[in-house]
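# Commentary on secondary and tertiary structure
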Amino acid sequence: MAPDFVRVAITMPSGHVAVMSFVTREYTPSGEVRWEREPTAGAIESEIGRTIVGPVAGWRLIDEADIPADRYFRNAWKDTGAKLDVDMPKAREIHREHLRARRAPLLAALDTEYMRADEAADVPEKRRIAAKKQALRDVTADPRIDAATTPEALKAVVPAALTGG
């Protein structure tokens, strides 16, 4: 039987939010209660001190429904006091990092193609490859990234250079 728990939103001094599951009851394999504890402020603060390295700015109990289901922008979560939301400027940087990771193997493959074209002295092919490489370098400058106003819209921004288009 799975343990019972409450969720705790922990805000770091940087504004970053971590979510901790504070276990309130654990069961034996036969389903009997092994132990239980109340989610008191002291117990939660003790658990935070045991599991989080460094200072925290604050914490509060939250409902599961207050946690975004999509974890793509997990490191951009902020606590609004009502629910966890996505800090869009941080989310844009996270998305740019994802795009950089997607383009890295494509650029490496184009480097190989470029060397082959260079060895063959194929100038038109070198120009074609150079243009594709530039398009890949430009994916993080796509204006749709800064124009996106929701996490869903931002996540949907995948420049054609990364999809083969």
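Above this note sits the structure.
As a convention, each chain's residues are numbered from 1 in the sequence order in which they are written. Two thresholds apply to this predicted model, a pLDDT of at least 70 for residue-level local features and 80 or more for giving and counting side-chain atom pairs, whereas whole-chain, interface and lining totals are computed over all residues. Side-chain numbers here rest on the full set of heavy atoms in the structure, without hydrogens or water.

Below, the discussion takes up the overall build of the protein chain. A tally of regular secondary structure across the protein chain gives six helices and six strands. Put simply, DSSP marks the helices as runs of H or I at least four residues long and the strands as runs of E at least two long, and each gets a number from the N terminus on. Sequence-ordered secondary structure for the protein chain, helices as α and strands as β, is β-β-β-α-β-β-β-α-α-α-α-α. In terms of overall dimensions, the protein chain has C-alpha extents of about 75 × 35 × 30 Å along its principal axes. Here's how the labels work: a residue is buried when its accessible area is under 20% of the maximum for its type, exposed when over 50%, partly exposed in between, all with a 1.4 Å probe on protein chains only. Classification of the 165 residues of the protein chain by burial places 31% in the buried group. Working rule for contacts: check all heavy atoms of both residues, and any pair within 4.5 Å makes them a contact. Of the contacts formed within the protein chain by residues at least 6 apart in sequence, a portion of 48% connects residues at least 24 apart. Working note: accessible area of the protein chain is about 9,800 Å², and carbon and sulfur atoms make up 55% of it. Under the counting rule used here, the positive set is Lys and Arg, the negative set is Asp and Glu, and His together with the chain ends is not counted. The atom standing in for a charge is NZ when the residue is Lys, CZ when it is Arg, CG when it is Asp and CD when it is Glu. Of the charged side chains in the protein chain, 25 are positive and 26 negative, and the gap between their average positions amounts to 5 Å. The method behind every accessible area is Shrake-Rupley, applied with a 1.4 Å probe, and residues are considered shielded solely by the protein chains displayed.

This part covers the nonpolar core. Working definition of a nonpolar core: buried Ala, Val, Leu, Ile, Met, Phe, Trp, Tyr and Cys residues. They are joined through side-chain atoms within 4.5 Å. Counting 24 residues, the largest nonpolar core has Phe73, Ala76, Trp77, Leu84, Val86, Ala91 and Leu154 as its most contacted members. Elements that contribute at least two residues to this core include exactly strand E6 (84-86), helix H2 (88-119) and helix H3 (123-137). With seven residues, H2 is the single largest residue contributor to this core. Apart from residues no more than four positions distant in its own chain, leucine 154 is found in contact with Phe73, Met88, Ala91, Arg92, His95, Ile145 and Ala148. Ala18, Met20, Phe22 and Ile44 belong to the second-largest nonpolar core, a separate cluster that totals nine residues.

Moving on, we get to the packing of aromatic side chains. Any Phe, Tyr or Trp ring, taking Trp's six-membered ring, that has another such ring centre within 6.5 Å forms a pair; planes under 30 degrees apart are called stacked, those over 60 apart edge-to-face, and the others tilted. According to the stated counting rule, one finds one aromatic pair in the structure shown. Between tyrosine 72 and phenylalanine 73, the ring centres sit 4.6 Å apart and the planes meet at 90°, which makes this aromatic pair edge-to-face. Above the ring of phenylalanine 22, the side-chain terminus of arginine 37 is found at 3.9 Å from the ring centroid. Any Lys NZ or Arg CZ found within 6 Å of a ring centre and within 35 degrees of that ring's normal is scored as a charge over the ring. For lysine 133, the ring lying beneath its charged end belongs to tyrosine 114, and the centroid distance is 5.6 Å.

What follows deals with the pairing of strand E3 (residues 33-36). Strand pairing is assigned whenever DSSP detects at least two bridges linking the two strands. Of the pairings in the sheet, the one linking strand E2 (residues 17-27) to E3 comprises three bridges and is antiparallel in character. What sits directly across from arginine 25, in E3, is glutamate 36. Turn length for the E2-E3 hairpin, with the two strands adjacent in sequence and antiparallel, is five residues, and the turn residue glycine 31 shows positive phi of about 100°.

Another point: the sheet that holds strand E1 (residues 4-11). Read across the open sheet, the four strands follow the order E3-E2-E1-E4; overall the sheet is antiparallel. Of all the strands in the sheet, just E3 and strand E4 (58-62) have a single pairing partner and so form its edges. Averaged over all pairs of adjacent strands, the angle between their axes in this sheet comes to 35°, without regard to strand direction. Simply put, an axis is a line fit to the C-alpha atoms, just over the touching stretch for a helix, and the angle between two N-to-C directions goes from 0 to 180 degrees. Contacting E1, E2 and E4, helix H1 (residues 41-51) runs over the sheet at an angle of about 115° to E2.

So, on to the packing of H2 against H3. Relative orientation of the contacting elements H2 and H3 amounts to 165°, with a least axis distance of 9 Å. Compared by their axis directions, H2 and H3 come out roughly antiparallel. Judged by the twist between their axes, the crossing of H2 over H3 is left-handed. Across the interface between the two elements, Arg103, Leu106, Leu107, Leu110, Asp111, Glu113, Tyr114, Ala117 and Asp118 of H2 pack against Glu125, Lys126, Arg128, Ile129, Lys132, Lys133, Leu136 and Arg137 of H3. Each angle receives one of four descriptions, namely roughly parallel if under 35 degrees, roughly antiparallel if over 145, roughly perpendicular if within 65 to 115, and oblique otherwise. Helix crossings get a hand from a simple test, with the near helix turned counterclockwise from the far one by less than a right angle marking a left-handed crossing and a clockwise turn marking a right-handed one.

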